[in-house]
Amino acid sequence: MTIHQNLIAGEWTGSNGAENINPSNTNEVVGLYASADAKDVANAIAAAKAAFPAWSRSGIWERHVILKKAGDEIMARKDELGALLAREEGKTLPEAIGETIRAAQIFEFFAGEALRLAGEVLPSVRPNIGVEITREPIGVIGIITPWNFPIAIPTWKIAPALCYGNTVVFKPADLVPGCSWAIVDILHRAGLPKGVLNLVMGKGSVVGQAMLDSPELAGITFTGSVGTGKRVAVSSVEHNRKYQLEMGGKNPMVILDDADLTVAVEAAANSAFFSTGQRCTASSRLIVTEGIHDKFVAAMTEKLKTLNVDDAMKPGTHIGPVVDEKQLKTDTDYIEIGKQEGAKLAFGGELIKRDTPGFYLQPTLFTEATNQMRISREEIFGPVASVIRVRDYEEALAVANDTPFGLSSGIATTSLKHATHFKRNAEAGMVMVNLPTAGVDFHVPFGGRKGSSFGSREQGKYAAEFFTTVKTAYTLA
């Protein structure tokens, strides 16, 4: 089997291959992918640093053309790349193709942004002096991405980094190197100069740590666990570099008495269980007021009975496997914790056998949970959700905000008053009304508050806040 190599200074390199395993069928090896070491990381950073002066001053049309080519190829290959994504991560094929399309749209957006780079010209408070305010790239960017969105998240970091003239050293999650390799290959063939984009695949303890230890990175953008995010922050403060962290959430979905029950159930089921619950925006706290509680639980239970858990590539599969054995154990451990804490297991929680060996778990719904339980405080990152009963809207809002996280927050209601109040008072970076807490557009800002995020927002024109620095120039007329 061919080894997919790392890209360093415009050359494919590496001979030690690690297997990429299909979580829907653990007998299948999706591919072999090279593992970088600390020396490879140092070489990649040096290459990116050497390429920065020319790329940072490259023409906007050159950047536009390369990003546009990449987006066009991803869109043309959406079925092929979607199948690769489904096989390596376990997301259902329709979800995987949708994510691939989103990646193409992100490249399309930032191809346009490359032509819209702008500054300001202002008069000075002093006579005969002009003031120009411009944005410039910051340098070599380290990009570290997670396994749950293996094409969308790398894209929404790489595309703006290149658009604004930075060079990149990119480390994808070692569970899902396939989509990342494909993106880098596409950009490489689209005409990126040598060293502008470097791919270093491998373990976080080796590759990621070497990136954190380097004083040559001007910035690091990271999506992943809280623990690793804190390490990124500490190392970045030590090296005086910019850093941007996205670290997940424990997102609430509030269902009020006046909610449309069908809308509420659809939104809650999508929020909690689609993509196997492996989304930082997933809602694992379903906060339900007393008047609709029993109806909601009954309807939700019936909904879960209709969801088919199976091979991600099979037609009719609603929920694919958990990504790997380690995450599956985390999920099942939390299910046991929930039982021990006194929550009632209303549905699911069992391992499932299918035609092929894989990490299959029933969607799991707890009721009679409290907001103090560990299953309500800690991010599980699996198809496990808890229903928390509350008296009224005021208590629902208080419980929704009672979390160390603040990424996404949702409400199901037909009340304009409550919807308006919730949008203003939910302590989250993103708020959804009668919609799933997961599912966002590519052209608007993404990010959270409190323990979920640190730094400026990702995506859309707000990406410029991280990937550029502001310069103010004065000229005597």
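Predicted, not measured: the structure shown is a model, and the values here were computed from it.

### Structural notes on the overall build of the protein
- Within the protein one finds 15 helices and 23 strands.
- The C-alpha radius of gyration of the protein comes to 23 Å, within 12% of the 23 Å expected for a compact globule of 477 residues.
- Along the first, second and third principal axes, the C-alpha set of the protein runs to 70 × 65 × 40 Å.
- Taken across its 477 residues, the protein has 57% of its residues classed as buried.
- In the protein, once contacts between residues fewer than 6 apart in sequence are set aside, the share between residues at least 24 apart is 73%.

### Some remarks on helix α11 (residues 325-341)
- For α11, spanning 17 residues, the distance from its first C-alpha to its last is 24 Å, which sits close to the expected 24 Å at 1.5 Å a residue.
- In this fold, the buried residues of α11 make contact with β16 (364-369), α12 (374-377) and β17 (384-390).
- Count one or two residues on from α11 and you reach Gly342, which has phi positive near 105 degrees.

### Notes on helix α5 (residues 152-163)
- For α5, which comprises 12 residues, the first-to-last C-alpha distance of 16 Å matches the rise-based estimate of 16 Å (1.5 Å per residue) to within 8%.
- Downstream of α5 by one or two residues, Gly165 has phi in the positive range, about 95 degrees.

### Details of the pattern of salt bridges
- Inspection of the entire model under this criterion finds 28 salt bridges.
- A salt bridge links Lys91 to Glu99; the shortest N-O distance between them is 2.6 Å.
- Between Arg354 and Asp310 there is a salt bridge, with the nearest N and O atoms lying 4.0 Å from each other. Here Arg354 is found in the loop between β15 (344-347) and β16, whereas its partner Asp310 is found in the loop between α10 (290-305) and α11, with 44 residues between them in sequence.
- Under the relative-accessibility criterion, Arg354 is labelled partly exposed at 32%.
- By relative accessible area, Asp310 is classed as buried at 10%.
- A network of salt bridges, in which partner residues are shared, links Glu73, Arg77, Glu80, Asp185 and Arg189.

### Regarding the packing of helix α13 (residues 393-401) against helix α14 (residues 416-425)
- Where α13 meets α14, the axes come as close as 11 Å, and the angle between the chain directions of the two elements is 25 degrees. Between α13 and α14, the angle falls in the class roughly parallel. Two packed elements cross with a definite hand, and for α13 against α14 that hand is right-handed. In contact with Tyr393, Leu397 and Asn401 of α13, α14 contributes His418, His421, Phe422 and Asn425.
- Split into classes, the residues belonging to the contact of α13 with α14 amount to 3 nonpolar, 4 polar and no charged.

### Thoughts on the sheet that holds strand β13 (residues 251-255)
- Taken together, the 7 strands give an open sheet; going across it, the order is β15-β16-β17-β14-β13-β19-β20, and neighbouring strands pair in mixed fashion. The sheet terminates laterally at β15 and β20 (430-433), the two strands that pair on one side only. Taking the axes of each pair of neighbouring strands and ignoring which way they run, one obtains an average angle of 25 degrees across the sheet.
- In the sheet, strand β14 (residues 283-289) pairs with β17 via 5 bridges, with the strands oriented parallel. By the bridge assignment for β17, Thr289 is matched with Val390.
- Each of β13, β14, β17 and β19 (408-412) is contacted by α13, which is oriented at about 160 degrees to β14, the strand it contacts most.

### Some words on the environment of Val431
- Here Val431 lies in strand β20.
- Between the alpha carbons of Val431 and Thr468 there is a distance of 27 Å; along the sequence they are 37 residues apart.
- Those residues within four positions of Val431 in sequence are excluded, and the remaining contacts are Ser409, Phe422, Lys423 and Ala426.

Reading the values: the criteria
Residues numbered from 1 in each chain as written. Predicted model: local features only at pLDDT ≥ 70, side-chain atom pairs only at ≥ 80, totals over all residues. Heavy atoms only, no water. Helix = DSSP H or I, 4+ residues; strand = E, 2+ residues; numbered from the N terminus. Rg over C-alpha atoms; globule rule 2.2 N^0.38 Å. Buried < 20%, exposed > 50% of the residue type's maximum accessible area, 1.4 Å probe, protein only. Contact = heavy atoms within 4.5 Å. Expected span 1.5 Å × (residues − 1). Salt bridge = Lys/Arg side-chain N within 4 Å of Asp/Glu carboxyl O. Axes fitted to C-alpha atoms, helices over the stretch in contact; angles between N-to-C directions. Parallel < 35°, antiparallel > 145°, perpendicular 65-115°, else oblique. Left-handed = near helix turned anticlockwise from the far one by under 90°. Nonpolar A, V, L, I, M, F, W, Y, C, P; charged D, E, K, R; others polar. Pairing = 2+ DSSP bridges.

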